[in-house]
Amino acid sequence: MWYRLVADATMVVHYAFVAYVVVGGFLACRWPRTIWLHIAAVAWGFGGILLGYDCPLTALESYARERGGEAPLPGSGFIAHYITGVLYPESALTLVQVGVAALVLGSWVGVVVLRRRVQPVATA
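Computed from a prediction, not measured in an experiment: that's the story for all the values here. (Residues numbered from 1 in each chain as written. Predicted model: local features only at pLDDT ≥ 70, side-chain atom pairs only at ≥ 80, totals over all residues. Heavy atoms only, no water.)

**Considerations on the confidence of the model for the protein**
Phase 1: On average, the protein scores 87 in pLDDT, and the residues at 70 or more come to 94%.
Phase 2: Looking across the protein, the model is least confident in helix H4 (residues 78-83), with a mean pLDDT of 82, and most confident in helix H1 (residues 2-30), with 92. (pLDDT = per-residue confidence, 0-100. Helix = DSSP H or I, 4+ residues; strand = E, 2+ residues; numbered from the N terminus.)

**Observations regarding the packing of aromatic side chains**
Given two aromatic rings, their pairing is described by the distance between the two centres and the angle made by the two planes.
Phase 1: If you walk through the whole model with that rule in mind, you get five aromatic pairs.
Phase 2: With centroids separated by 5.1 Å and ring planes inclined at 75°, the aromatic side chains of Tyr15 and Phe78 adopt a geometry described as edge-to-face. Here the residue Tyr15 occupies a position in helix H1, and Phe78 occupies one in helix H4, the gap between them amounting to 63 residues.
Phase 3: Classification of Tyr15 by relative accessible area gives partly exposed; the value is 31%.
Phase 4: Among the residues examined, Phe78 registers a relative accessible area of 3% and is labelled buried.
Phase 5: A network of ring pairs unites the aromatic residues Tyr15, Phe78 and Tyr82 as a single cluster. (Phe/Tyr/Trp six-rings, centres within 6.5 Å; stacked < 30°, edge-to-face > 60°. Buried < 20%, exposed > 50% of the residue type's maximum accessible area, 1.4 Å probe, protein only.)

**Brief notes about the UniProt feature "transmembrane region" (unreviewed entry) in the protein**
Phase 1: On the UniProt side, "transmembrane region" (unreviewed entry) is annotated at positions that read residues 12-28, 35-53 and 92-114 here.
Phase 2: End-to-end, the C-alpha atoms of residues 35-53 are 22 Å apart, and along that stretch the chain is 84% helix and 0% strand.
Phase 3: As annotated, residues 92-114 has a helix share of 96% and a strand share of 0%, and its two end C-alpha atoms lie 32 Å apart. (UniProt positions renumbered as here; feature names shortened; annotations may be inferred.)

**As for the side chain of His38**
Phase 1: Within the secondary structure layout, His38 lies in helix H2 (residues 35-50).
Phase 2: Judged by relative accessible area, His38 falls into the buried class, the value being 0%.
Phase 3: A distance of 3.2 Å separates a polar side-chain atom of His38 from the backbone nitrogen of Gly25.
Phase 4: Those residues within four positions of His38 in sequence are excluded, and the remaining contacts are Tyr20, Val21, Gly24, Gly25, Val104, Ser107 and Trp108. (Polar contact = N/O pair within 3.5 Å; in protein donor to acceptor, adjacent residues only side chain to side chain. Contact = heavy atoms within 4.5 Å.)

**Structural notes on the layout of surface pockets**
Phase 1: Estimated volume of the largest pocket: approximately 830 Å³.
Phase 2: Forming the boundary of the largest pocket are 33 residues, of which Gly45, Gly48, Ile49, Ile79 and Ala80 lie nearest the centre.
Phase 3: It is H1 that provides the largest number of residues to the lining of the largest pocket, a total of six residues.
Phase 4: The class makeup of the residues in the lining of the largest pocket is 21 nonpolar, 11 polar and one charged. (1 Å grid on protein atoms, 1.4 Å probe; cavity = no way out; pocket = protein on both sides within 12 Å on 5 of 7 lines; lining within 4 Å. Points joined across faces, edges and corners; volume = space filled by probe spheres on them. Nonpolar A, V, L, I, M, F, W, Y, C, P; charged D, E, K, R; others polar.)

**Comments concerning the environment of Gly68**
Phase 1: Its location among the elements puts Gly68 in the loop between helix H3 (56-67) and H4.
Phase 2: Overall, the relative accessible area of 44% leaves Gly68 in the partly exposed class.
Phase 3: Along the sequence, Gly68 and Met1 sit 67 residues apart, while their C-alpha atoms lie 6.8 Å from each other.

Following this line, the structure appears as structure tokens:
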């Protein structure tokens, strides 16, 4: 029972992380200091996709599922198991990745624009 709880909690944290990668830059428009946390999250998230980083949350969930008597997550990982083919068709994977990258970059541009509006202009 405890392992199932750990697996479920890990899954929820994983979804929260993915959601933060997608929309965290927009939160930084409101709370600019959080942009550094978002940059780190995006670097980790995209590093996992582009460079194949192993995600510790995936490992923890797989371990807890196995110990709880369930099948571990497949080797393809969390996104392939819970999101791709579930929230959007597999054929749209590249489109979704480009869309997320565009949202992230757009939110970062928004943070920069808002910061420039708020900062006073230096006069000579």
